Amino acid sequence: MRLTKFTDLALRAVMRLAVCEQDGPLTTQEVAEAMGVPATHMAKAVTRLQHLGVLEARRGRGGGLALTGLGRHASVGWLVRELEGEGEVVACEGDQPCPLRGACRLRRALRDAQEAFYATLDPLTVADLVGSPTGPVLLGLAARRPD
């Protein structure tokens, strides 16, 4: 199973925000710089995470991004499912449907493998992902802005 770049980016953003809470909120630009990605890509991930209720964004002085209670305690499996959507590992339908789709055992096996992948992530929370040694590395990715 391979995650989309979007899901990877969103997960990294959540992890970065999880370790910087004591220092105050970060801006989308700061998170993007820490992750080495364009701010426009990060803004799309932030918007999706807001819609999921994982983070909130506040405008103005002292504003920025902050994880919600859901964001801090969310199951990684749930979050990945939400970010990846309902798609299957293989595309059996579409413009050129697979001729085996009516009698294929591979599709079911791949669905089961996909669910096993998510099930492995279900017991993990965002807090689990940022424990040592990951947390200190995340904190060192970019210097905080001066207050």
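Everything below is about the structure printed above this text.
Every value quoted in this text rests on a predicted model; they were computed, and no experiment measured them.

Peer 1: So what exactly am I meant to see when it comes to the overall build of the protein here?
Peer 2: A tally of helices and strands in the protein yields eight helices and two strands. Counting from the amino terminus, the protein carries its helices and strands in the arrangement α-α-α-β-β-α-α-α-α-α. Looking at the protein as a whole, 34% of its 147 residues are labelled buried. Partitioning the contacts of the protein with sequence separation of at least 6, the portion at a separation of at least 24 is 69%.

Peer 1: Please clarify how the packing of helix α1 (residues 5-19) against helix α3 (residues 39-51) should be interpreted in this entry.
Peer 2: Between two packed helices, the angle of one axis relative to the other and the distance separating the axes together describe the packing. Relative to each other, α1 and α3 sit at 75 degrees, their axes nearing to 9 Å. One finds that α1 runs roughly perpendicular with respect to α3. Where α1 approaches α3, its residues Phe6, Leu9, Ala10, Ala13 and Val14 are matched on the opposing element by His41, Met42, Lys44, Ala45, Arg48 and Leu49. A breakdown of the residues in the contact of α1 with α3 according to their chemical character gives eight nonpolar, one polar and two charged.

Peer 1: Explanation requested: the pairing of strand β1 (residues 55-58) in the structure shown.
Peer 2: Strand residues, when the strand is regular, have side chains that alternate between the two faces of the sheet. With four bridges joining them, β1 and strand β2 (residues 64-67) adopt antiparallel strand pairing. In the sheet register, Arg58 faces β2, and the bridge partner there is Gly64. Between β1 and β2, which pair antiparallel in sequence order, lie five residues; one of them, Gly60, sits at a positive phi of approximately 90 degrees.

Peer 1: Looking at this structure, I do not really get the nonpolar core. What am I missing?
Peer 2: Note that soluble globular proteins tend to have their nonpolar side chains buried in a common cluster. Leu17, Val31, Met42, Leu49 and Leu79 are the most contacted members of the largest nonpolar core, which has 33 residues in total. Those elements giving two or more residues to this core turn out to be α1, α2 (28-35), α3, β2, α5 (76-84) and α6 (106-121). Looking at this core element by element, the count peaks at nine residues for α1. Setting aside anything within four residues of it in sequence, one finds Leu17 in contact with Leu26, Val31, Leu55, Leu65 and Leu67.

Peer 1: How should α2 be read in this particular structure?
Peer 2: Given 3.6 residues per turn, any residue in an α-helix points the same way as the ones three and four places further on. Within the span of α2, buried status applies to Glu30, Val31, Ala32, Ala34 and Met35. Looking one or two places after α2, you find Gly36, whose phi comes out positive at around 70 degrees.

Peer 1: Sorry, what's going on with α6 here?
Peer 2: A rise of 1.5 Å per residue sets the reference length of α6, with its 16 residues, at 22 Å; its end C-alpha atoms lie 23 Å apart and thus fit the reference within 8%. Considered for burial, the residues of α6 that qualify are Arg107, Gln114, Tyr118 and Leu121. Projection of α6 onto a plane perpendicular to its axis shows the buried side chains occupying an angular sector of 55 degrees, all on one side.

Peer 1: What is the right way to look at the packing of α1 against α5 in this model?
Peer 2: Look at α1 against α5: their axes get within 9 Å of each other, and the N-to-C directions meet at 140 degrees. Judged by the angle between their axes, α1 and α5 are oblique. Handedness of the α1/α5 crossing: right-handed. Listed contacts from α5 to Phe6, Thr7, Ala10, Leu11 and Val14 of α1 are Leu79, Val80, Leu83 and Glu84. Looking at side-chain class alone, the contact of α1 with α5 contains seven nonpolar, one polar and one charged residues.

Rules of the game
- Residues numbered from 1 in each chain as written.
- Predicted model: local features only at pLDDT ≥ 70, side-chain atom pairs only at ≥ 80, totals over all residues.
- Heavy atoms only, no water.
- Helix = DSSP H or I, 4+ residues; strand = E, 2+ residues; numbered from the N terminus.
- Buried < 20%, exposed > 50% of the residue type's maximum accessible area, 1.4 Å probe, protein only.
- Contact = heavy atoms within 4.5 Å.
- Axes fitted to C-alpha atoms, helices over the stretch in contact; angles between N-to-C directions.
- Parallel < 35°, antiparallel > 145°, perpendicular 65-115°, else oblique.
- Nonpolar A, V, L, I, M, F, W, Y, C, P; charged D, E, K, R; others polar.
- Pairing = 2+ DSSP bridges.
- Core = buried A, V, L, I, M, F, W, Y, C linked by side-chain atoms within 4.5 Å.
- Expected span 1.5 Å × (residues − 1).
- Arc of directions from axis to C-beta.
- Left-handed = near helix turned anticlockwise from the far one by under 90°.

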